[in-house]
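Geometric and topological summary
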Amino acid sequence: MNSCDLAWQFEEAGSPLLLSSIAPPLNINENEIVVLNKAMGINPVDWKFIKANPLVWPPGFTPGVDGAGIVIQIGASVPKEFIGSSVCYHQSLLLPGSFATYTVLKFQRVMRLPQSFSLSMAASLPCPMLTAIQAFNKVPSMQNKKVLVSGFGAVTKILIQLLHKNGVKIDLLSPSANKIEALSLGVNKVLREQSQCQQQYHAVFDAKGQQSATKFASYLKVNGHLVCIQDRIEEPLFPAFTNSISYHEVALGALHSYGDEQDWAELIKEGEALINLLDNQTLITDPPKVFPFEKLNEALTFSEQSNTKTVVTGSGT
């Protein structure tokens, strides 16, 4: 087995991934690139789908939504400067993913990296960073407004910094958040219990789920915004012509099937801008825990049990 041509492949729901040899991709479409993966990010969506297989992956499918590496092959319509570029990306759950030596991607859907940017750090970014951008963009005209963020994880830590940089006043609800860290990111007040929340927020950003988000609707102003970073609100929570709040859902993965090229171009541009802020340290994020490629199953378990950003270094490194 060539150590440079490997993939961790799905066998059946709830079983560990199986390490297998693969052939390098030979024929790609004119708008595609081949990325030699140097690092693979692990997200909750990865281990959740491996455990339950809701998309009915066939045996031999390669999971992994986030990755970073070097472009080694380009299609006929891809600009020549992509060859040799360092990139990171978020792949569709329906397509062969990052847990392999190579991943084939549309070139318009990768983010190019600054020359010295850590590929391990880059691999940990796409899913939480792009999700934070989507959540932030849901609510207009937030400057000098007060918002509530529920949950303190990879997505909301980036979201809080975006809100703070745009003049938003932020209350954070988290029983376990490090108060010093939260305040350093731009939080105005750290709340430990829902009873400490104040009425009349312009927006609530909830990262816990539908049941959690529903509890916060009554804390919104009459025309406030409820942003669900996980799940969605299925039915309106108030009678007609009373509280007229706006309901927002964030679903990064849906962009692969339902987004157009303009949607992707705008999101990738914003993602690259945030990576440049990280590169010059005007935006910060937690460093990931790094596992070697051959320990990917252990890394999936660690991610699930620790709720810690986790990265696997690629077989080609």
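One structure accompanies this document, and this report is about it. (Residues numbered from 1 in each chain as written. Predicted model: local features only at pLDDT ≥ 70, side-chain atom pairs only at ≥ 80, totals over all residues. Heavy atoms only, no water.)

Describing the packing of aromatic side chains
- By the definition in use, this model includes seven aromatic pairs.
- When the ring of W57 is compared with that of F61, the centres are 4.8 Å apart and the planes differ by 20°; the resulting orientation is stacked. With respect to class, W57 is no different from F61; both count as buried.
- Centre to centre, the rings of F216 and Y219 are 6.2 Å apart; their planes meet at 50°, and the pair counts as tilted.
- For Y219, a relative accessible area of 11% translates into the label buried.
- Cluster of aromatic residues (ring-pair linked, three or more members): F10, F49, W57 and F61.
- The ring of F82 has R112 sitting right over it, with the charged end atom 4.6 Å from the ring centre.
- In this structure, K289 packs its charged tip against the face of F291, placed 5.9 Å from the ring centre. (Phe/Tyr/Trp six-rings, centres within 6.5 Å; stacked < 30°, edge-to-face > 60°. Buried < 20%, exposed > 50% of the residue type's maximum accessible area, 1.4 Å probe, protein only. Lys NZ or Arg CZ within 6 Å of the ring centre and 35° of its normal.)

A word on the nonpolar core
- Ranked by internal contacts, the top residues of the largest apolar core, which has 53 residues, are M129, L163 and F205.
- Of all the elements in the fold, those that place two or more residues in this core are α2 (119-123), α3 (126-137), β8 (146-150), α4 (154-165), β9 (169-173), α5 (179-185), β11 (201-206) and α8 (261-279).
- When residues in this core are grouped by element, the largest group, seven residues, is from α3.
- L163 has contacts with F136, M142, V147, V149, V168, I170 and F205, leaving out every residue within four places of it along the chain. (Core = buried A, V, L, I, M, F, W, Y, C linked by side-chain atoms within 4.5 Å. Helix = DSSP H or I, 4+ residues; strand = E, 2+ residues; numbered from the N terminus. Contact = heavy atoms within 4.5 Å.)

A look at the side chain of H90
- Within the element layout of this structure, H90 appears in strand β5 (residues 86-90).
- Taking relative accessible area as the criterion, H90 reaches 6% and is therefore assigned buried.
- A polar contact of 3.1 Å, which involves the side chain of H90, links it to the side chain of H256.
- In contact with H90, not counting residues within four places along its chain, are V65, D66, P126, C127, L130, L252, G253, H256 and W264. (Polar contact = N/O pair within 3.5 Å; in protein donor to acceptor, adjacent residues only side chain to side chain.)

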